[in-house]
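# Results of the structural survey
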Amino acid sequence: MQRPQVKIAFLSLMLLTAACRVAVGQGATVSGVVRDAEGVAQLGALVQVIAADSAMAGTAFTDLHGRYFIPHLVPGQYQVRASAALFVPALRSNLQLRSGAQAVVNLTLNTLFESATWLPAERRKADEPGDDWKWTLRSAANRPILRLADDGDVIVVSSSATESSKGAERARTEMTAGDGGFGSNGVHTVFAIDKVLDDGAGLTLHMDVGAPIQPSSVGPSTEVATGYGMRLGMGGAARTVLSYQSHPEMMGPDGSSGLQSMQIASAQQMQLGDMVDVEAGGTVYVVRTSGYASGSRPFLKVNAHPTGTWTVGYRMATSQELQSFAGLDTVKRELPVATVYEGKMQTEGGLHQEFSVGRKTGRGFVQIAYYRDSLSRVAIAGGGALSAADIAETGQDGGSGILADSTTGNFRFLGDGYKTQGLNLTVSEPLSSNMWIALEYGTGAGLAEKDGVVIALPTLGASLAPRSAQTATIALRGRVIRSGTTVRAAYRWQPTRLVTAVDPYAPFSDQAYFSCYLRQALRLGSLLPPGLDATIDVTNLLAQGYRPFMSDDGQMLFLAQSPRTIQAGLAFTF
């Protein structure tokens, strides 16, 4: 009697197993690939299958190849939604699934900033690309799963809770030499480290120690900066950079030497729904030369995307250096100009307001902007064989004093402000997947010599007046695929009589005439270590736009929108 009972029980178990397999097999599945607008597979994108009653039927994260798979769905009508940080969610509606169906749904994500990411939103820095903390995708557990560095390196960090929580880390050391211009002359040793913390936040440290090439009585310059960046909810992000600069080679109009500055720059990026993104922040600073100057420089940037091809924006900036969230991509800060102006210590100041309309044209972009500038104090560059007596001669009788680099003779002073308005037209187009070309045309005003007035050292500020002018720029930026050369080059023309930029808040305003930056990876089999790069950074290579004049002691001096600088060196990333 036992054998028949065992057989009956075994047969019942087999039938039950087969019935379960049939039931499971009748469940529908959804799979596919998530890519961006360039066709690049997106790792870590969240894919959700939503039922008709808005209930969540299934979720998955895409793998290294952008693939996802969601099984065990009951028959019915669904929506498939893909989302990722800094991307507009992609949605496939009215997906009807039958029993046992295997639907393939491929989705394309478009970023809100796709149409303008090529633009240098802040003034050019010689250490670019030096930031790899701005592209971070995180899992639902808030762990970093993908980081894309500016130089194209992809760093994958597992989001599994069972693996080590140690964050990714990268260090770089660099040595450059040459005439880097105001505050950047001589030999510079740079050390930088980037680290991704366990919560997906980014931490970076930058140190630069510079010494003059020629023997000098002044000590080395020191610049230290640290930055912290983190992702916020709804595709937002926040960054803060704290920097300290000490330059003993600087000389003020009263004979004092040394410049120290402390700056705190912060910015936040927010997305309001799928149509509006907002960036806000600013810099708070304290500068000491012959006296103290302090202040704050806020900015605000709003972009609306009423359609997939049109963009409408407003921008307010009070600093030419930090005008957007992307301005904190590098922690390297420009040396502030603080000197005597109208009898007291002051720094450069102004207010820029801009309204723009842009349209995406295929993979390119066209933007036209109308701006109004109210500049209260304008920093003007000069150079030559400047003596201590020449420096002491300035800043008297309530005039404008000079802040000079004693190792090069380059100097800066503050000129009278002015008001101007104009248009800016920018057209960009990709030459390849890694190379962009841009054309820019602008109108406005810049400072030039007054008619019939001879430039004299004690009255430099009073010798200049605003003149209406036009400017045009052609720029190239990207990476050569086969050689791996990083290129950023521009030729920005404007009338040579001007000693300041037309539309000084424009992206290329600090790159007068021909300027370029090249970074080339050095490969020689096993003789050279991996991660070794050669760099060269040039501003105004052809030395155009110089306005010469004589000082009282017969020395030849000049004013220029951008004096020529040349620096080259080696960088090692490990």
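Figured I'd write up the structure that's included with this text.

What counts and how
- Residues numbered from 1 in each chain as written.
- Predicted model: local features only at pLDDT ≥ 70, side-chain atom pairs only at ≥ 80, totals over all residues.
- Heavy atoms only, no water.
- Salt bridge = Lys/Arg side-chain N within 4 Å of Asp/Glu carboxyl O.
- Buried < 20%, exposed > 50% of the residue type's maximum accessible area, 1.4 Å probe, protein only.
- Helix = DSSP H or I, 4+ residues; strand = E, 2+ residues; numbered from the N terminus.
- Contact = heavy atoms within 4.5 Å.
- Pairing = 2+ DSSP bridges.
- Phe/Tyr/Trp six-rings, centres within 6.5 Å; stacked < 30°, edge-to-face > 60°.

### Remarks on the pattern of salt bridges
- Evaluated as defined, the whole model comprises 9 salt bridges.
- Between R67 and D63 there is a salt bridge, with the nearest N and O atoms lying 3.2 Å from each other.
- Taking relative accessible area as the criterion, D63 reaches 28% and is therefore assigned partly exposed.
- Residues D208 and K332 are paired through a salt bridge, measuring 3.9 Å at the closest nitrogen-oxygen approach. Within this pair, whereas D208 is found in strand β15 (residues 202-211), its partner K332 is found in the loop between β21 (310-317) and β22 (338-341), the two being separated by 124 residues in sequence.
- In this structure, a network of salt bridges that share partners links the residues D208, E223 and K332.

### Focus on the environment of G442
- Position of G442 among the secondary structure elements: in strand β28 (residues 435-449).
- Residues within four places of G442 in sequence aside, it is in contact with L423, N424, A469, Q470 and T471.

### A closer look at the pairing of β28
- As paired elements, strand β27 (residues 411-432) and β28 share 8 bridges and run antiparallel to each other. Across the sheet, the residue bridging to P430 is W436, located in β28.
- Relative to strand β29 (residues 464-479), β28 runs antiparallel, the two being bridged by 15 bridges. Across the sheet, the residue bridging to L439 is I474, located in β29.

### Things to note about the packing of aromatic side chains
- Tallied over the full model, the rule gives 4 aromatic pairs.
- Ring centres of Y491 and Y513 lie 6.4 Å apart, and the angle between their planes is 70°; this geometry places the pair in the edge-to-face category. Taken together, the positions of Y491 in strand β30 (residues 486-493) and Y513 in strand β31 (residues 513-521) put the pair 22 residues apart, joining distant regions of the chain.

### A short note on unusual backbone geometry
- Despite not being glycine, H72 shows a phi value in the positive range, around 60°.
- Inspection of the secondary structure assignment puts H72 in strand β4 (residues 67-73).
- The backbone phi angle of D503 is positive, close to 55°, even though this residue is not glycine.
- Position of D503 among the secondary structure elements: in the loop between β30 and β31.
- Residue classification places D503 among the buried residues on the basis of a relative accessible area of 2%.

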